[in-house]
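So the chains spell out like this:
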Amino acid sequence: MKTPVNGNTLRQHLTYSWWKYALLIVLGAMAVSLYYTVTTYRSPAEKKVDLYVYGAMDETKMNAYMQAVREDQMADMEEMNALMLTADDTYGPMQISTYIAAGEGDLYILPRDQFISMAGSGAWMALEQDEELMAMMEQAGVNLQSGWRRERDTGESHLYGIPVSKLPGLEEYLYVENGFLCVLVTNGNDENCLKFLKILCRDMLAKE
């Protein structure tokens, strides 16, 4: 004989089985969230340039600059973003290592200690191979000696970073004490990363 459905039986059912409905709601919400996460369009690596900064930065202003560069000089890019990392002595280096190990970010501006640490393990692209960049710096009379580092595994020396102190225009957007601008070697977008690097250096050299 079936139990009649009435107010009493419904309340009794909900008293003992409410958690089942709550679980169904949570699982449904997770399924919807997962669906949109998986299906949301993400720009491919060759269509975006990300700048990660370990220090103080006016993100709004820097992103406005990068958006202007994208619209006027790099229109084939879908995204160009600046992100300020956690400038904390305890968690900051861990965050940087995690991002770099995961291949996140394209260009980095880091304090000297973090720059040197990562340079020794071959995390940065060798910049001296870009003749246009080197000619620009030579013409501006910029001394890049402090950006040259020796790689531990090969013993070779390369220009792994541009000293931020040589780019006076960056003071308008950010502050990283004794910082270096470098390109992640695993960025997956060498051509456009170097193109933005040169545009950034050109613009920030000009703002003396």
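Residues numbered from 1 in each chain as written. Predicted model: local features only at pLDDT ≥ 70, side-chain atom pairs only at ≥ 80, totals over all residues. Heavy atoms only, no water.

Enquirer: How would you sum up the overall build of the protein? Please name residues and give values.
Expert: When helices and strands are tallied, the protein shows six helices and nine strands. Counting over 208 residues, the protein shows a buried share of 40%. Sequence-distant contacts, at least 24 apart, represent 73% of the contacts inside the protein between residues at least 6 apart. Carbon and sulfur atoms form 54% of the exposed surface of the protein, whose accessible area is close to 12300 Å². (Helix = DSSP H or I, 4+ residues; strand = E, 2+ residues; numbered from the N terminus. Buried < 20%, exposed > 50% of the residue type's maximum accessible area, 1.4 Å probe, protein only. Contact = heavy atoms within 4.5 Å. Areas by Shrake-Rupley, 256 points an atom, 1.4 Å probe, with all protein chains shown as cover.)

Enquirer: Quick rundown of the sheet that holds strand E7 (residues 162–163)? Include the residues and the values.
Expert: Spatial ordering of the open sheet is given by E3-E1-E4-E9-E7, a layout of five strands whose pairing is mixed. Looking along the sheet, the strands with just one partner apiece sit at the ends: strand E3 (79–85) and E7. In terms of strand pairing, strand E1 (residues 48–54) meets strand E4 (residues 107–111) through three bridges, oriented parallel. In the sheet register, Val-53 faces E4, and the bridge partner there is Ile-109. Contacts from helix H4 (residues 112–120) reach E1, E4 and strand E9 (179–183) within the one sheet, and its direction differs from that of E4 by about 120°. (Pairing = 2+ DSSP bridges. Axes fitted to C-alpha atoms, helices over the stretch in contact; angles between N-to-C directions.)

Enquirer: Pulling in residues and values, what's your account of the pairing of E9?
Expert: For E9, the tally of buried residues reaches five of five residues, placing the bulk of the element in the interior. Residues of E9 alternate between two faces, with Gly-179, Leu-181 and Val-183 on one and Phe-180 and Cys-182 on the opposite face, all of them buried. Pairing of E4 with E9 involves five bridges; the strand directions are antiparallel. By the bridge assignment for E9, Leu-110 is matched with Phe-180. Across two bridges, the pairing between E7 and E9 is antiparallel. Across the sheet, the residue bridging to Ile-162 is Leu-181, located in E9.

Enquirer: Residues and numbers for the pattern of salt bridges, please.
Expert: Overall, the coordinates contain five salt bridges when judged by the stated rule. In this structure, Lys-198 and Glu-132 form a salt bridge, with 3.2 Å as the shortest nitrogen-oxygen distance. A residue pair is termed long-range when its members are at least 10 positions apart, and Lys-198 in helix H6 (residues 190–206) and Glu-132 in helix H5 (residues 131–139) qualify at 66 residues. Here Lys-198 falls in the buried class, since its relative accessible area comes to 15%. Across the salt bridge formed by Asp-203 and Arg-202, the nearest N and O atoms sit 3.0 Å from each other. A cluster of three or more residues bridged by salt bridges with shared partners is formed by Asp-130, Glu-132 and Lys-198. (Salt bridge = Lys/Arg side-chain N within 4 Å of Asp/Glu carboxyl O.)

Enquirer: I'd like a description of the packing of aromatic side chains, backed by residues and values.
Expert: Summed over the entire model, instances satisfying the criterion amount to five aromatic pairs. Between Tyr-65 and Tyr-173 the ring centres are 5.6 Å apart and the planes differ by 50°, which places this aromatic pair in the tilted class. Of this pair, Tyr-65 sits in helix H2 (residues 59–73) while Tyr-173 sits in the loop between E7 and strand E8 (174–175), placing them 108 residues apart in sequence. Here Tyr-65 and Tyr-173 have matching classes, each one buried. In textbook terms, an aromatic cluster arises when at least three aromatic residues are bridged by ring pairs, as seen for Tyr-52, Tyr-99, Tyr-108 and Trp-124. Residue placement shows Lys-61 over the ring face of Tyr-173; its charged tip is 5.9 Å from the ring centre. (Phe/Tyr/Trp six-rings, centres within 6.5 Å; stacked < 30°, edge-to-face > 60°. Lys NZ or Arg CZ within 6 Å of the ring centre and 35° of its normal.)

Enquirer: Describe the nonpolar core, naming the residues involved and giving the relevant values.
Expert: In this structure, Met-62, Tyr-65, Ile-162, Leu-181 and Phe-196 are the most contacted members of the largest nonpolar core, which totals 40 residues. In terms of residue count, the dominant contributor to this core is H6 (nine residues). Beyond its immediate chain neighbours, meaning those up to four positions away, Met-62 contacts Leu-51, Met-57, Ala-82, Tyr-173, Leu-174 and Leu-200. If you look at the next biggest cluster of nonpolar residues, it comprises 18 residues, including Ile-96, Phe-115, Trp-124 and Ala-126. (Core = buried A, V, L, I, M, F, W, Y, C linked by side-chain atoms within 4.5 Å.)

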